[in-house]
Amino acid sequence: MEKSDETNGYLDGTQAEAAAGPRTPETAAGKTQRCASFFRRHALVLFTVSGVLVGAGMGAALRGLQLTRTQVLYLAFPGEMLLRMLRMIILPLVVCSLVSGAASLDASSLGRLGGIAVAYFGLTTLSASALAVALAFIIKPGAGAQTLQSSSLVLEDSPPASKETVDSFLDLLRNLFPSNLVVATFNSSATGYAYLPQNTSSGNVTYEKIPVVANIEGMNILGLVLFSLVLGVALKKLGHEGEELIRFFSSFNEATMVLVSWIMWYVPIGITFLIGSKIVEMKDIIMLVTSLGKYIFASILGHVIHGGIVLPLIYFAFTRKNPFRFLLGLLTPFATAFATCSSSATLPSMMKCVEENNGVDKRISRFILPIGATVNMDGAAIFQCVAAVFIAQLNNKDLNAGQIFTILVTATASSVGAAGVPAGGVLTIAIILEAIGLSTHDLSLILAVDWIVDRTTTVVNVEGDALGAGILNHLNQRAAKKGEQELQEVKVEAIPNCKSEEETSPLVTHQNPAGPVAVVPELESKESVL
């Protein structure tokens, strides 16, 4: 009987009928086991998506209770804790991953990967901007919406201060090269204006507008990214002398990813209260959506087309693989992006899922994803271009070919400096409006519904980063098959008490000499020299 059970695939008819009865409970048990295994593998994804749905339902149910601002603040507290934990981990994650990632690549590999990444980011952002402008001219979200300028909507947010285009780009360069790395961890540079009175010869008083550079609250991710990349390359050039510091950053990076895996289990709870509190605190959702419906529709449609068609086609063109299977493994970071509206806050979960679910090389993901979270803003470019055309139509201003070209270039360039935080992209719309000669006063309308559009914006932003990592990983694997050494690992001397190879960083290969007896004296002499 035991033998027939083991070989049930080869039983004759009589034996099969005799064995059919006992197999029924085993089949049911097998289905239960498979369901339990599926739930264990995808528990975090299921909990996260459930958190989004529960949060939306909770927010809709609590709107009728007319909660006070203090009660809404208390309701949002678990979500605030999630944002704090995610932001806490950003600094060590970005710095350590980029330093160890840049140090793990030789100069030619770094140049090739960096060049491909820059080309991918630039082309996808420019195509997103072109798509947005085309949709805005087709849908015409600002046509017939001039009544919105009569303050019929109660808007609590004020538009950002107007800034000259040249000063915006100078701020971008200032942030690329921070004067103090410690200050860059919690402040960034921004230009304000002072007005100095001047007496003219006729006795009239005129005011001169003078730019004043000041530090504003907010981590200067752009400067930290550049410094980390350069530091990693410098450590690579040092050779043996830089290996200890490379090992330090690699170990720090691995420990940070362990912290990320712990934080991820709190994400469903935080998302539930983030979305619920946001729905509760909005005063008149129906009026806002009705009044600005065409603008919201044009922006979200652009995100759907770019994220659902354009980016997957680009991925398929390079890899010849199913892009949606790749994206299926990223549901948790997408839900996090939808809830937090922050590309930076989504970075920890994106790294974890890209590596574990999609098999992207850690050296590539930890090198390219922090850069992408800072400079690749496809979703932001879409809603910025739609907003610029919307405001132009709102003011009955016809845009000529030169102004349209200016919108495309400015949106592509300014999205690089957009902060990866909620409503960060709204501030860069002012740059586009200044470039085409429009007032920033109507930005208050954009701010009124930014909490809706910003969610799909962030999802498209992080999707572009993830697919870029997948493309780079495929190109690297293809180069390796052709015999090219695309990635070179950092080799350091073995440590007598090091852990097993499986527990060490993928960025560091421990090189073992011929015999263990000969290792110890050599290492002791090297360590005594250091």
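Higher on the page you've got the structure.
Okay, so let's go over this structure. (Residues numbered from 1 in each chain as written. Predicted model: local features only at pLDDT ≥ 70, side-chain atom pairs only at ≥ 80, totals over all residues. Heavy atoms only, no water.)

The subject of this paragraph is the environment of F248. Looking at the element boundaries, F248 is found in helix α10 (residues 243–263). A C-alpha to C-alpha distance of 8.9 Å links F248 and C96, two positions 152 residues apart in sequence. (Helix = DSSP H or I, 4+ residues; strand = E, 2+ residues; numbered from the N terminus.)

Core analysis: the biggest nonpolar cluster contains 42 residues, and F326, L330, M350, F367, I368 and L369 have the highest contact counts within it. Ranked by residues supplied to this core, first place goes to helix α22 (residues 450–481) with eight residues. Those residues within four positions of F367 in sequence are excluded, and the remaining contacts are L98, G101, A102, L105, L110, L113 and L229. Core analysis: the second largest hydrophobic core is formed by 40 residues, A298, L394, I407 and L443 among them. (Core = buried A, V, L, I, M, F, W, Y, C linked by side-chain atoms within 4.5 Å. Buried < 20%, exposed > 50% of the residue type's maximum accessible area, 1.4 Å probe, protein only. Contact = heavy atoms within 4.5 Å.)

When you line up the elements, A388 lands in helix α18 (residues 378–394). Owing to a relative accessible area of 0%, A388 belongs among the buried residues under this scheme. Among residues more than four places away in sequence, those in contact with A388 are I407, I432, L433 and L438.

Overall, the coordinates contain two cavities of 30 Å³ or more when judged by the stated rule. Considering only enclosed or pocket space, the second largest cavity measures out at about 40 Å³ in volume. Lining the second largest cavity we find S343, T346, L347, M350, L369, A373, V462 and D465. Broken down by secondary-structure element, the contributors of at least two residues to the lining of the second largest cavity are α16 (343–358), α17 (362–375) and α22. Of all the elements, α16 adds the most residues to the lining of the second largest cavity, at four residues. Looking at the lining of the second largest cavity, its residues break down into five nonpolar, two polar and one charged. (1 Å grid on protein atoms, 1.4 Å probe; cavity = no way out; pocket = protein on both sides within 12 Å on 5 of 7 lines; lining within 4 Å. Points joined across faces, edges and corners; volume = space filled by probe spheres on them. Nonpolar A, V, L, I, M, F, W, Y, C, P; charged D, E, K, R; others polar.)

All right, on to unusual backbone geometry then. Not every positive phi belongs to a glycine, and K140 is a case in point at roughly 55 degrees. Considering the arrangement of structural elements, one finds K140 in the loop between α6 (107–139) and α7 (165–176). Under the relative-accessibility criterion, K140 is labelled partly exposed at 40%. Of note, R320 is a non-glycine position whose phi angle comes to about 60 degrees, a positive value.

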